[in-house]
Amino acid sequence: MKLTGQIVLPDRVVSGEVVFDETGIQSVTPRPDAGRRFILPGFIDGHVHGGDGADTMDGVAAIHRLSRFHLTHGTTTILPTTITSPWPEVMDALRAVAEARNAPPGNGPVIHGAHLEGPFVSPHKLGAQPPFAIPPTPDRVEEALETGIVRVVTLAPELDHADTAMRRFAQAGVRVSLGHTVAGYEETEQAICRVCAAGGTIGATHLFNAMAPIQSRNPGPVTALMCSDAGYAEMIFDTHHVHPATFRLASRVMGERLLFVTDAMRGAGQAEGPSQLGGQDVVIRDGAVRLPDGTLAGSVLTLDVALRNAVTVGGVSLPAASRLTATSPAAYLGLHDRGRIAPGLRADLVVMDEKFEVAEVFVGGERVT
Ligand SMILES: [Zn+2]
């Protein structure tokens, strides 16, 4: 197969041709006048609850449905994400993600694994997570790890058993994403050091959201996370969760350690109005999802929209936007076979028109939409 257009590389855009098959990208060759469509590396969403009416907590068919929905918006690798719920329901959801990954319907993205977001979060910083937060006791951590599907865990480092849990997750190769936390600067720094000392990779769950803000004499977790040379951070750039200037600040400080996620809920892709998140009533209005008290409750974002936002209101270049949707999440998750357009890598590709609307999507060299 062959695609011609403006090829978005991590550091520049090149007019040219990409040749690929199911074994991967064969060549990337500059060619003048290759057309005006853009060819980008497939998007990687490491934090996504739902879409098209489906939620990760609903089981295997729903996971396939939400995965397929995000695929049509350019997401070629996905981590279906749990929400804080009674522990048996969280375990059921993890097993469902494992089953969904092992029995793919053939027209979906790669399900890399699950993001376990909750219940190991602070009961004082739930955001829109339902009130079922519990500490990460060793038995629960082992039970979650036994599913073999957890790739990212959101964890509040101030919880009982958190030190042991962070070390155990890190040793098992699970990204430890600090979030939904009331930890301060020092506590966050210590947690980063613990995870790094255990050989793990640190992340931040939707940086700025569900954690204390930066203050002059109280730098808080955001400063610790942004200034750590080792850690990555997720950002929901739907322009509701963070102001464009806040995005630019994080982008300048963190560079390639910042990555986009959607944190999308089941209402993504559906008409605005009443919906549900974790069994709670929410309302979708003007592109934002809120609980009755006004708290933001996930998003209806897709990564193609996040990419457009980064370029149009975020003020970054197209290669920089593509790093946020593909290159940096791949690096964070240790997916060295994707996230860039280069010979030898997987042919996970998104073709966008001049208005950055998704036109075609390829997963493993196969056209899927
Ligand atoms: Zn979430």
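Parameters and conventions
Residues numbered from 1 in each chain as written. Predicted model: local features only at pLDDT ≥ 70, side-chain atom pairs only at ≥ 80, totals over all residues. Heavy atoms only, no water. UniProt positions renumbered as here; feature names shortened; annotations may be inferred. Donors = N, O, S within 2.8 Å, 3.2 Å for Na, K, Ca; no water. Tetrahedral: all angles 85-135°; square planar, octahedral: opposite > 155°, others 65-115°. Helix = DSSP H or I, 4+ residues; strand = E, 2+ residues; numbered from the N terminus. Buried < 20%, exposed > 50% of the residue type's maximum accessible area, 1.4 Å probe, protein only. Pairing = 2+ DSSP bridges. Contact = heavy atoms within 4.5 Å. Axes fitted to C-alpha atoms, helices over the stretch in contact; angles between N-to-C directions. Parallel < 35°, antiparallel > 145°, perpendicular 65-115°, else oblique. Left-handed = near helix turned anticlockwise from the far one by under 90°. Nonpolar A, V, L, I, M, F, W, Y, C, P; charged D, E, K, R; others polar. Salt bridge = Lys/Arg side-chain N within 4 Å of Asp/Glu carboxyl O. Polar contact = N/O pair within 3.5 Å; in protein donor to acceptor, adjacent residues only side chain to side chain.

- Under an unreviewed UniProt entry, the name given to the chain is N-acetylglucosamine-6-phosphate deacetylase, and the organism recorded is Acetobacter aceti.
- Quoted straight from UniProt, the Sequence similarities (unreviewed entry) entry for the chain says "Belongs to the metallo-dependent hydrolases superfamily. NagA family."

1. With respect to the coordination of the zinc ion
Turning to step 1, where the next piece is worked out: Protein-derived ligands of the zinc ion are His47 (NE2), His49 (NE2), Glu117 (OE) and Asp263 (OD), with the metal-ligand distances lying across 2.0 to 2.2 Å.
Turning to step 2, where the next piece is worked out: Coordination geometry of the zinc ion: the 4 donor atoms subtend angles of 82 to 167° at the metal centre, consistent with an arrangement described as irregular.
Turning to step 3, where the next piece is worked out: Between consecutive donors of the zinc ion, the numbers of intervening residues give the motif H-x1-H-x67-E-x145-D. Residue His47 is found in strand 5 (residues 43-48), and its partner Glu117 is found in strand 10 (residues 114-117); the two are separated by 70 residues along the sequence.
Turning to step 4, where the next piece is worked out: When its relative accessible area of 0% is taken as the criterion, His47 is described as buried.

2. So, the sheet that holds strand 2 (residues 13-21)
Turning to step 1, where the next piece is worked out: The 7 strands are arranged 3-2-1-4-20-21-22 in an open sheet whose pairing can be described as mixed. Every other strand in the sheet has two partners, leaving strand 3 (24-30) and strand 22 (366-367) as the edge strands with one partner each.
Turning to step 2, where the next piece is worked out: With 2 bridges joining them, strand 1 (residues 2-8) and strand 4 (residues 38-41) adopt parallel strand pairing. Bridged to Gln6 within strand 4 is Phe38.
Turning to step 3, where the next piece is worked out: The sheet contacts of helix 9 (residues 318-333) involve strand 1, strand 2 and strand 4, and relative to strand 4 the element is tilted by about 35°.

3. Details of the sheet that holds strand 11 (residues 150-155)
Turning to step 1, where the next piece is worked out: Spatial strand order, 10-11-12-13: 4 strands in an open sheet with parallel pairing. Across the chains shown, the open sheet's two edge strands, defined by having one partner strand only, are strand 10 and strand 13 (202-204). Between one strand axis and the next, the sheet turns through 25° on average, direction left out of account.
Turning to step 2, where the next piece is worked out: Here 4 bridges tie strand 11 to strand 12 (residues 175-178), and the two strands are oriented parallel to one another. Bridging from a neighbouring strand, Val152 pairs with Arg175 of strand 12.
Turning to step 3, where the next piece is worked out: In this fold helix 4 (residues 162-171) packs onto strand 10, strand 11 and strand 12, with an angle of close to 160° to the strand it touches most, strand 11.

4. Quick look at the packing of helix 2 (residues 87-102) against helix 3 (residues 138-146)
Turning to step 1, where the next piece is worked out: Relative to each other, helix 2 and helix 3 sit at 20°, their axes nearing to 9 Å. As the angle between them shows, helix 2 and helix 3 are arranged roughly parallel. Seen along the crossing, helix 2 lies across helix 3 with a hand that is right-handed. Contacts between helix 2 and helix 3 involve Trp87, Met91 and Leu94 on the former and, on the latter, Arg140, Glu143 and Ala144.
Turning to step 2, where the next piece is worked out: When its residues are assigned to classes, the contact of helix 2 with helix 3 shows 4 nonpolar, no polar and 2 charged.

5. Digging into the pattern of salt bridges
Turning to step 1, where the next piece is worked out: Enumeration over the complete set of coordinates arrives at 14 salt bridges.
Turning to step 2, where the next piece is worked out: Here Glu17 makes a salt bridge to Lys2, at a shortest N to O gap of 3.8 Å. Note that Glu17 is positioned in strand 2 and Lys2 in strand 1, a separation of 15 residues in sequence.
Turning to step 3, where the next piece is worked out: Looking at Lys2, the relative accessible area reads 52%, which means it is exposed.
Turning to step 4, where the next piece is worked out: Put simply, Arg37 and Glu360 hold a salt bridge, and the shortest N to O gap is 3.0 Å. Of this pair, Arg37 sits in the loop between strand 3 and strand 4 while Glu360 sits in strand 21 (residues 358-363); the two residues are 323 residues apart in sequence, bridging distant segments of the chain.

6. Quick notes on the UniProt feature "binding site: Zn(2+)" (unreviewed entry) in the chain
Turning to step 1, where the next piece is worked out: UniProt's entry tags Glu117, His180 and His206 with the feature "binding site: Zn(2+)" (unreviewed entry), counted in the numbering of this structure. The greatest C-alpha distance among the residues just named is 11.1 Å, despite their covering 90 residues of sequence, which places them together in space.
Turning to step 2, where the next piece is worked out: The exposure class assigned to Glu117 is buried, which follows from its relative accessible area of 1%.
Turning to step 3, where the next piece is worked out: At 3.0 Å, the side chain of Glu117 and the side chain of His47 are in polar contact.
Turning to step 4, where the next piece is worked out: Here His206 falls in the buried class, since its relative accessible area comes to 4%.

7. Remarks on the UniProt feature "active site" (unreviewed entry) in the chain
Turning to step 1, where the next piece is worked out: Per the UniProt entry, the sites bearing "active site" (unreviewed entry) are Asp263 in this numbering.
Turning to step 2, where the next piece is worked out: Within the element layout of this structure, Asp263 appears in the loop between strand 15 (258-261) and strand 16 (273-277).
Turning to step 3, where the next piece is worked out: For Asp263, a relative accessible area of 6% puts it in the buried group.
Turning to step 4, where the next piece is worked out: Sequence-distant contacts of Asp263, that is, excluding residues within four places in its chain, are made with His47, Val48, His49, Glu117, His206, Ile236, Gly298 and Ser299.
Turning to step 5, where the next piece is worked out: A polar side-chain atom of Asp263 sits 2.9 Å from a polar atom in the side chain of His49.

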